[in-house]
Amino acid sequence: MSGVDVPTDDLLALLRGDLARARAIEVVDHLRGCADCRRDMVDVAATHGSLTAARRVLEPTPVPAADDGPPAAHLPPLRLPAARLPRRRWLAGAAAVAVVATALASGVLMGRRDQPVGTVASVPLQPVSGSAAGRVTMSGPAATTAMTISTQRLPDAGSGRYYYAWLLDPATNKMLPLGLVSATAATHFEVSSALVRRYHAVDISLQSDDGNPAHSATSVLRATY
């Protein structure tokens with residue numbers, strides 16, 4: 001395996017103990033000598049930790065009937081290859097000190113609750129499925145973008161499900177996870193402005209609490225900027 005990056009699926013399988021013994025030994029040997037793949041492993045561990053933490057705070061609530069209107073013609077439903085994450089450095093949550101260190105290196109930091117100041121862009125979230133709406137507002141200094149995601153008419157996700165925000169490049173379907181989105185309140189993120197410039201849309205997906213950190217392929221809202 002020397003010189004060949006370990007697939008993200010194998011890193012996740014190693015973390016979860018799902019790799020066959022021979023393959024696990026091979027991947028571990030490669031990680032010992034490959035700094036890039038070790039950084040990828042930290043990213044995968046951060047994703048897994050974030051979704052595990054989300055599972056602990058999910059409340060069982062009934063799933064209301066959704067008004068499944070037709071998808072907007074100019075916003076086709078997202079269909080991604082299964083179980084593949086972009087190999088980029090990012091942070092989906094802050095479960096441990098090591099995860100926070102990854103966030104500082106990658107430029108994505110969650111959990112800021114202060115309101116953004118000095119709006120420079122505001123774009124509507126439009127329905128991909130259902131009848132929800134919302135808005136993405138971005139502002140901040142040149143190096144960092146404060147992003148606020150507000151939604152309206154977004155149904156409760158229901159037991160074992162939750163809403164998640166992603167940066168999306170519509171031309172390539174590459175995605176960068178941002179974090180959990182509230183169906184009832186505005187959610188705030190701070191993102192590296194360089195990352196914001198690399199992607200040109202924000203996607204809100206409905207995720208199942210099944211331990212899979214990849215996009216579910218069920219998009220409910222999307223905004224292009």
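Residues numbered from 1 in each chain as written. Predicted model: local features only at pLDDT ≥ 70, side-chain atom pairs only at ≥ 80, totals over all residues. Heavy atoms only, no water.

### Remarks on helix α1 (residues 8–16)
Next, step 1: Looking only at α1, the buried set comprises T8, D10, L11, L12 and A13.
Next, step 2: Where α1 terminates, the next one or two residues include G17, which has phi positive at roughly 75°. (Buried < 20%, exposed > 50% of the residue type's maximum accessible area, 1.4 Å probe, protein only. Helix = DSSP H or I, 4+ residues; strand = E, 2+ residues; numbered from the N terminus.)

### Side note on the pattern of salt bridges
Next, step 1: Enumeration according to the criterion identifies six salt bridges in this entry.
Next, step 2: Of the charged contacts, one joins R16 and D18 as a salt bridge, the two residues approaching to 3.9 Å between their closest N and O atoms.
Next, step 3: D29 is the partner of R32 in a salt bridge, and the nearest nitrogen-oxygen pair spans 2.9 Å. Here R32 pairs with D29, and both are found in helix α2 (residues 21–33), just three residues apart, close to one helical turn.
Next, step 4: Within the structure, one salt-bridge network assembled from shared partners comprises D10, R23 and E26. (Salt bridge = Lys/Arg side-chain N within 4 Å of Asp/Glu carboxyl O.)

### Side note on unusual backbone geometry
Next, step 1: In the Ramachandran plot, R153 falls in the positive-phi region, its phi being about 60° despite a non-glycine side chain.
Next, step 2: Within the element layout of this structure, R153 appears in the loop between β4 (144–152) and β5 (161–169).
Next, step 3: Residues other than glycine seldom take positive phi values, yet N173 does so here, at roughly 65°.
Next, step 4: Residue placement: N173 occurs in the loop between β5 and β6 (174–181).

### Some words on the pairing of strand β3 (residues 133–139)
Residues in a regular strand project their side chains so that they alternate between the two faces of the sheet.
Next, step 1: Most of β3 is tucked away: six of the seven residues are buried.
Next, step 2: Sheet topology note: the β3/β4 ladder contains seven bridges and is antiparallel. When the bridges of β4 are listed, G134 appears paired with T151.
Next, step 3: Two successive antiparallel strands, β3 and β4, enclose a turn made up of four residues, where G140 displays a positive phi of approximately 135°. (Pairing = 2+ DSSP bridges.)

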